[in-house]
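Listed here are the chains, written in short residue letters.
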Amino acid sequence: QVHLVESGGGLVQPGGSLRLSCAASGPAFSISAMGWYRRVPGMERELVAMAPNGADATYADSVKGRFTISRDTAKNMVHLQMNNLEPGDTAIYYCNAQLNWPVFTDSWGQGTQVTVSS
């Protein structure tokens, strides 16, 4: 099945930048969208950005103008460029793939920690 692996997380000061990457393996033809969620312990998972196949990306209001999602469909990868990071961006970031085969479901990466602190 589709397997996702994230990389690029780390510790950065407020105002800094990080670039997250996610590589998909398996039957990538089943992917209809790829994106990023984040979760803070004790809080609900939040959609950060989503890039559907052949459609414009969408972003959470809190990251608009600061984050940019990009897809490399030939390499089955998705990236999240995070600029002007804020302490509120601190979370575990999860890569997500929306699948339509063999059933409509979601695949998730293991998560990568992003910490924004001075």
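Since the model is a prediction, treat every value here as computed from it, not as a measurement.

Hey, could you go over the pattern of salt bridges for me, with residue numbers and the actual values?
Enumeration over the complete set of coordinates arrives at 5 salt bridges. We note a salt bridge from Arg38 to Glu46, for which the minimum N-O separation is 2.8 Å. Glu46 sits in the partly exposed class, given a relative accessible area of 29%. Two residues, Asp89 and Arg38, come together in a salt bridge whose shortest N-O distance is 2.9 Å. A residue pair is termed long-range when its members are at least 10 positions apart, and Asp89 in the loop between β8 (77–82) and β9 (91–99) and Arg38 in strand β4 (residues 31–39) qualify at 51 residues.

Please provide a residue-by-residue account of the packing of aromatic side chains, values included.
All chains considered together, the criterion is met by 2 aromatic pairs. Between the aromatic rings of Phe29 and Trp101, the centroid separation amounts to 5.3 Å while the plane-to-plane angle is 45°, which identifies the pairing as tilted. In this pair, Phe29 sits in the loop between β3 (18–25) and β4 while Trp101 sits in the loop between β9 and β10 (105–108), placing the two residues 72 residues apart along the sequence. A relative accessible area of 44% means that Trp101 is categorised as partly exposed. With a centroid separation of 5.0 Å and 65° between ring planes, the pair formed by Tyr37 and Trp108 is classed as edge-to-face.

Definitions and limits used
Residues numbered from 1 in each chain as written. Predicted model: local features only at pLDDT ≥ 70, side-chain atom pairs only at ≥ 80, totals over all residues. Heavy atoms only, no water. Salt bridge = Lys/Arg side-chain N within 4 Å of Asp/Glu carboxyl O. Buried < 20%, exposed > 50% of the residue type's maximum accessible area, 1.4 Å probe, protein only. Helix = DSSP H or I, 4+ residues; strand = E, 2+ residues; numbered from the N terminus. Phe/Tyr/Trp six-rings, centres within 6.5 Å; stacked < 30°, edge-to-face > 60°.

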